[in-house]
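Summary of structural features
Listed below are the residues making up each chain.
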Amino acid sequence: MWAFIFLYITGLNICQVTGEDNSTAMHYAKLTIDKGAIGNITKMLKSFELNNNLRVDNLQMTTTCQNVSTKKECTCKSGFRWSDKVCQSDKACCGSDKCTFATNSTYTCISNSAVVIQGSITIEGTSHQNCLADKNSAEFKSCSETLLNKMKTQYSTFKGFDTLEITKYSVGSVIADFVVTTAFSVNPEDLFNKSKVLIKDLKASLLLETTGVVLLSMPDNPVMYNSHHELTCTSQQNLNSQPIWDIKKQGEISIITNGTESEVTITTNGTTLFLKNITELWAGEYTCAYHQKSESYEIVHKAKAVMDVSLLPNIAITTDPGFPHCKGNGDLLKVKGICEIRKSNEPYTVTWTNQGPIKAGIIPKGPFNSSEETVLYEAETVVGCNRSDPGSQLTCTFRNRLDQTRNASVNINIIYVGDRFCQAEGDWEDAKAGFTAVLKCRGEAGQRQRKCKNSTTGAIWEQEVSYCVNKDLQSVLENAQIVDTGLGNRDENAAVVFSRLQNITNNTQRINTFANVNTSVYVLLTMTNKINRIANQSVVNNLIESSSNLLEKDLKNSWTPAKNEKDNLTLAETYLSSVEKLIERTAISDNVKKTNLEVVTCNSTDRSECNNTVFNVNVTLGGSDNAQVKTAGFKQLVDYLPRSNEDYGPNSIVVSTTIDKKQSQTVEVNIDFELLSQRPRNVEIKCVTWDNNTREWSSDGCEWEGPSNVGRCVCRHLSSFAILMSKSPKEVPGIEQITIIGLSISVMSLIISLAIELTVWSAVVKTNTLYLRHTAHVNISVSLLVADCCFLASSKPHDLPEIWCKTFVVLKHFCFLSMFFWMLCLSCTLLHQAVFLFHTVSKKIYLRFSLILGYGCPLLIVAITFLTNQGGAEGVYFHSDTCWLVYSGFFKGSLYTFVIPVGIIVFMNVFSMVVVIMKLLDHPKTTEKSQQTAAKTVMRSVILLTPVFGVTWIFGFLVTLLDLTEGTIALAANYVFTLLNAFQGLFILLTTCLGDKLTRDALLNRLKRNVPASISDSSAKLDSTWKK
């Protein structure tokens, strides 16, 4: 057998160009000899000297080749390798000694220490402008030869110098690209010095990239999956620069840093990259580079090598059909097993096994391309329909080039004869009761699931649950999970993740499902575990923008999972915790305000106050050490966070405050919330913080300022804050029972009072004064009776139709006002009699005045109020949940059309009562007995006049002014008002009928069927009349 031997010969003392140092040249020889003579030729390869100017040494055999069929198989000798050019043309040659070529090829192996220098020199001025001329012109040839000689003067003196070729000229001054090759290693310092001389001579700048100065040691290919290896990059001397590792995958270059899966160490003459867990992530072309820079030159020493990883796939296995359906007990059914994996270049060997009672053969098929990203492997087998047989399980096993295996199994769930099942519906095939059917998502990552529920009435389909995720969003999550592995700069990786997340979430229609929102939030959660600091303002902006996008109202329904899904943490909890931590780690220099999320900062110095405002919520932090205070406001989020107490609902946005330094003392946070909806009267508000331990809102450490400052919360720690408002007003314990009992007694008392008035009317009404007095009593009683009856009828507002509720409100409004205006008539009569003792008023004038005042004025007030409040609209004129007038705040609401007239009347009645008492006391009191008599007269007058003058309603003003949330004082006022006014009818009966001697005597005489005694004219006197 004949063999070809390639030799290279290094010649010293060969003067290629004029220079101080000796030049060298490489010569290659090809010998065709018998294979058995190779040993003899090797012995003959010795140095020799032809003359004083020429010495030939380092004769070495580099490559041996032999013809194999129509090809030529060549092998590199020890210490030699295939060049990068050969590797690029045939990947199989990389890392291998042998390589196969066409018979006419001239490829030879190069020394492991061979160096290739690729350079670009930029020459300023016009001295070499002819190098840009036509290549065939004499000017170009002369210029190019001159420049080439100047370069050879420096570079041909390298030991083992082989070639120097100018490959291209380009404009930009004059730019010449060139390549220098040497057979032996080049001293980096020597290269540096010669390059300095060259650029000084040419007045140029230089960019060099070397291959072979630094050497890269790699593990043998292919590399085992999940293994760990060390990559070593070394140089002959200290290059005085930091090495940079990078990897090229699918045309993209990523730097390699210290991370969870990589560790870079640096020594004096080298660097080591330790890969802790090698997966497909680390397959690619590695580069180790040292950079030496100055103003006029840059030299990059590089070493490259490829790592080929023998992969193992992630397998998704299913069966077709998902639930084989037996029609008879003896049937045999054909079932197809499907294993789906991501596409790769790994030549897997796939085997199938079937564990079941029927040892049927398995017919493998595939692989088939199911999409641009995945590959399917299929196999057919047979299962039986005998229920007594144990179940079958199908397994696919993938074996890689290094005999590593990974498998996946699926149980074949057979629908036997008589089994309950859900019938096919749409793209869902028959499914066995108690099992969940699974379908692959169309055009998205993930799967759809639908359970066939085994109920008492049969098998029924439950609602479909989709885990389909937008592919771009799934890719963002995958990128987030490798941010800190060491593949790429961590900060730059984080910037890419937040930028892509922001772009995707900008279009809410792409992510308007729970699975997509959940994945987006999981990206944020993943990033909290990967990064410690975000300093770039663009990255901060993308983080806040994407977080804000997730709170868009369009996504409201996408925050709630399916009813049958359970998770330890709700989506909103994860979101709040993640965004809080990320904001805390940001270096925010400017306030960031987005649609649904605002972040504002301020710097606290010397324990000064710090004020931040987000979405009109003002946060004041006092007593903090020197620190940056960050406040974030979240819209909509409060609706998604869980609440254990359903009696309270959210009524503010969520506001979070953090400090970048640990505080030495307790801080005080004052928060002025803008309520989402107006707080109704007597409704309790809670200032709450989110407790991550109990996973609910807690009021510990926070206090509400009360109804006087309805949106103010004072807290003594930092957290996420919000306001919860009770869904119903605060109730006074037992007040409803007291009211019902009191009104019932009052109604009975008023009926009795009216009956007594009718019975004794002719007996007691003998004078104008008594006529006026008893007329007022009757009208007061009638008005209060109707009002109390309407109050009782509307005591259960939720059980009444709105029209009836409105009717009762109008009647109560009118009747209570009428009662007070008739009380005003009575007090005016009394005041007139007290001041003008001997002046009388005719009954006709009094009746006309009283009817106008007692019924006309209330009617006018009610009509105007009704019409000016949107025709008695609910929520404007009256509340359907109370069947009473609306209170909207201080001097706001229809309630004040009742309160103001009543207040004026009560004031006038009190004034009249004071005047009467003063008149009663306006007599000389000479003895102690007369003084006692006067005191009794005053007390009796107060007791008798208070009910009929409505003085007890003074406590009503306290009830109106005091909110039940104010505590004991408000409760006491409510109890006193209710007791005095619920029983007002009883008090009227006791004071106007039974407490009046004339009425009492007339009633007794009537009962005894006696003729009433004559009433003397003296009864008309004020003193005798109102004492009785």
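Residues numbered from 1 in each chain as written. Predicted model: local features only at pLDDT ≥ 70, side-chain atom pairs only at ≥ 80, totals over all residues. Heavy atoms only, no water.

Glancing now at the pattern of salt bridges. Two side chains carrying opposite charge are able to pair once their charged atoms lie near each other. Under the definition given, this model contains 23 salt bridges. Between Glu380 and Lys365 there is a salt bridge, with the nearest N and O atoms lying 3.1 Å from each other. Note that Glu380 is positioned in strand E25 (residues 374-384) and Lys365 in strand E24 (residues 363-369), a separation of 15 residues in sequence. With a relative accessible area of 35%, Lys365 lands in the partly exposed category. Among the ionic pairs, Arg448 bridges to Glu464, the shortest N-O distance being 2.9 Å. Of this pair, Arg448 sits in strand E31 (residues 447-455) while Glu464 sits in the loop between strand E32 (458-461) and strand E33 (465-466), and the two are 16 residues apart along the sequence. (Salt bridge = Lys/Arg side-chain N within 4 Å of Asp/Glu carboxyl O. Helix = DSSP H or I, 4+ residues; strand = E, 2+ residues; numbered from the N terminus. Buried < 20%, exposed > 50% of the residue type's maximum accessible area, 1.4 Å probe, protein only.)

Here the focus is the sheet that holds strand E41 (residues 668-672). The antiparallel open sheet is built from 5 strands, whose spatial order is E36-E37-E41-E45-E44. Each of the sheet's edge strands pairs with one partner strand only, and the pair in question is strand E36 (610-614) and strand E44 (702-704). Strand-to-strand twist across the sheet, computed as the mean angle between neighbouring axes with direction ignored, equals 20 degrees. Of the strand pairs in this sheet, E36 and strand E37 (residues 617-622) are connected by 5 bridges, and their pairing is antiparallel. Bridging across to E37, Thr613 finds its partner in Asn618. (Pairing = 2+ DSSP bridges. Axes fitted to C-alpha atoms, helices over the stretch in contact; angles between N-to-C directions.)

For the rest of this paragraph, the subject is unusual backbone geometry. Residues Asn221 and Pro222 are joined by a peptide bond in cis, for which omega reads -10 degrees. For Pro222, the position within the fold is in the loop between strand E13 (214-217) and strand E14 (229-235). A cis amide bond links Asp320 to the next residue, Pro321, at an omega of 0 degrees. If you check the backbone angles, Ser69 has positive phi at about 55 degrees while not being a glycine. If you trace the backbone, Ser69 turns up in the loop between strand E4 (54-68) and strand E5 (71-76). Overall, Ser69 belongs to the exposed group, its relative accessible area being 72%. Phi angles above zero are rare outside glycine, and Asn240 is one such case at about 55 degrees. For Asn240, the location among the structural elements is in the loop between E14 and strand E15 (243-249). A residue is classified by how much of its surface remains accessible, and Asn240, at 67% relative accessible area, is exposed.

Here E31 runs beside E32; their pairing, made up of 4 bridges, is antiparallel. Of the residues in E32, the one forming a bridge with Cys452 is Trp461.

To continue, consider the confidence of the model for the chain. Put simply, the chain has an average pLDDT of 84, and 87% of its residues get 70 or more. The model gives residues 10-19 a pLDDT under 50, and that stretch makes 43 contacts with residues more than four places away or in other chains. Ignoring residues within four places in sequence, the model shows residues 1010-1028, a span with pLDDT below 50, making 33 contacts including any to other chains. (pLDDT = per-residue confidence, 0-100. Contact = heavy atoms within 4.5 Å.)

Moving on, we come to the environment of Asn549. Locating Asn549 in the fold gives a position in helix H8 (residues 537-549). Accessibility expressed as a relative area gives 6% for Asn549, which makes it buried. With 46 residues separating them in the primary sequence, Asn549 and Asn503 have C-alpha atoms 9.9 Å apart. Among all residues touching Asn549, those that are not within four sequence positions of it are Gln502, Thr505, Asn506, Thr508 and Leu555.

Next up on the list: the packing of aromatic side chains. The relation between two aromatic rings is expressed through the spacing of the ring centres and the mutual angle of the planes. As enumerated under the stated definition, the model contains 22 aromatic pairs in all. Ring geometry for Tyr348 and Phe398: centres 5.6 Å apart, planes at 85 degrees, overall edge-to-face. Here the residue Tyr348 occupies a position in the loop between strand E22 (332-342) and strand E23 (349-355), and Phe398 occupies one in strand E26 (residues 392-399), the gap between them amounting to 50 residues. For Tyr348, a relative accessible area of 12% gives the class buried. Judged by relative accessible area, Phe398 falls into the buried class, the value being 0%. (Phe/Tyr/Trp six-rings, centres within 6.5 Å; stacked < 30°, edge-to-face > 60°.)

Attention shifts here to the packing of helix H3 (residues 138-155) against helix H4 (residues 188-202). For the pair H3 and H4, interaxial distance at closest approach is 9 Å and the crossing angle is 150 degrees. One way to sum up the angle between H3 and H4 is to call them roughly antiparallel. Seen from above, H3 lies across H4 with right-handed handedness. In this structure, H3 uses Leu147, Lys150, Met151, Gln154 and Tyr155 to contact H4, whose residues at the interface are Leu191, Lys194, Ser195, Val197, Leu198, Asp201 and Leu202. (Parallel < 35°, antiparallel > 145°, perpendicular 65-115°, else oblique. Left-handed = near helix turned anticlockwise from the far one by under 90°.)

Looking now at the sheet that holds E25. The 4 strands lie next to each other as E21-E22-E25-E24, forming an open sheet whose pairing is antiparallel. Looking at strand neighbours, the two that pair on one side only are strand E21 (316-320) and E24, the edges of this open sheet. Adjacent strand axes in the sheet meet at a mean angle of 25 degrees when their direction is disregarded. As paired strands, E24 and E25 are joined by 5 bridges and run antiparallel to one another. Note that in E25 the partner of Phe368 across the bridge is Leu376.

Here Phe977 shows up in helix H18 (residues 968-982). When its relative accessible area of 19% is taken as the criterion, Phe977 is described as buried. Note: C-alpha distance between Phe977 and Val959 (18 residues apart in sequence) is 7.6 Å. Apart from the residues within four sequence positions on either side, Phe977 is in contact with Thr952, Trp953, Phe955, Gly956, Val959 and Ala982.

Moving on to the nonpolar core. Note that soluble globular proteins tend to have their nonpolar side chains buried in a common cluster. Within the largest apolar cluster, 56 residues are counted, with the highest numbers of intra-cluster contacts made by Ile780, Phe816, Met819, Phe820, Phe898 and Trp953. Contributions of two or more residues to this core are made by helix H11 (735-764), helix H12 (768-793), helix H13 (802-835), helix H14 (843-868), helix H15 (896-920), H18, helix H19 (984-994) and helix H20 (997-1007). Here this core gets 13 residues from one element, more than from any other, and that element is H13. Beyond its immediate chain neighbours, meaning those up to four positions away, Met819 contacts Ile780, Ser783, Leu784, Trp953 and Gln984. Grouped together as the second largest cluster of nonpolar side chains are 53 residues, Val497, Phe498, Val517 and Ile588 included. (Core = buried A, V, L, I, M, F, W, Y, C linked by side-chain atoms within 4.5 Å.)

Turning our eyes to something else, we now look at the environment of Ile317. With respect to the helices and strands, the residue Ile317 is situated in strand E21. On the accessibility criterion, Ile317 (16% relative accessible area) is buried. The sequence separation of Ile317 and Gly337 amounts to 20 residues, and the corresponding C-alpha distance is 7.3 Å.

Another aspect to go through is the packing of H11 against H18. Relative to each other, H11 and H18 sit at 20 degrees, their axes nearing to 8 Å. Taken together, the axes of H11 and H18 lie roughly parallel to each other. The handedness of the crossing between H11 and H18 comes out as right-handed. On H18, the residues touching Ile735, Ile738, Thr739, Gly742, Leu743 and Ser746 of H11 are Asn974, Tyr975, Thr978, Leu979 and Ala982. When the residues that make up the contact of H11 with H18 are grouped by side-chain class, the tally is 6 nonpolar, 5 polar and no charged. (Nonpolar A, V, L, I, M, F, W, Y, C, P; charged D, E, K, R; others polar.)

Our focus in this paragraph is the side chain of Ser548. You can see Ser548 is positioned in helix H8. On the accessibility criterion, Ser548 (2% relative accessible area) is buried. Separated by 2.9 Å, the side chain of Ser548 and the backbone nitrogen of Asn596 make a polar contact. Not counting chain neighbours up to four residues away, the residues in contact with Ser548 comprise Tyr575, Lys594, Thr595, Asn596 and Leu597. (Polar contact = N/O pair within 3.5 Å; in protein donor to acceptor, adjacent residues only side chain to side chain.)

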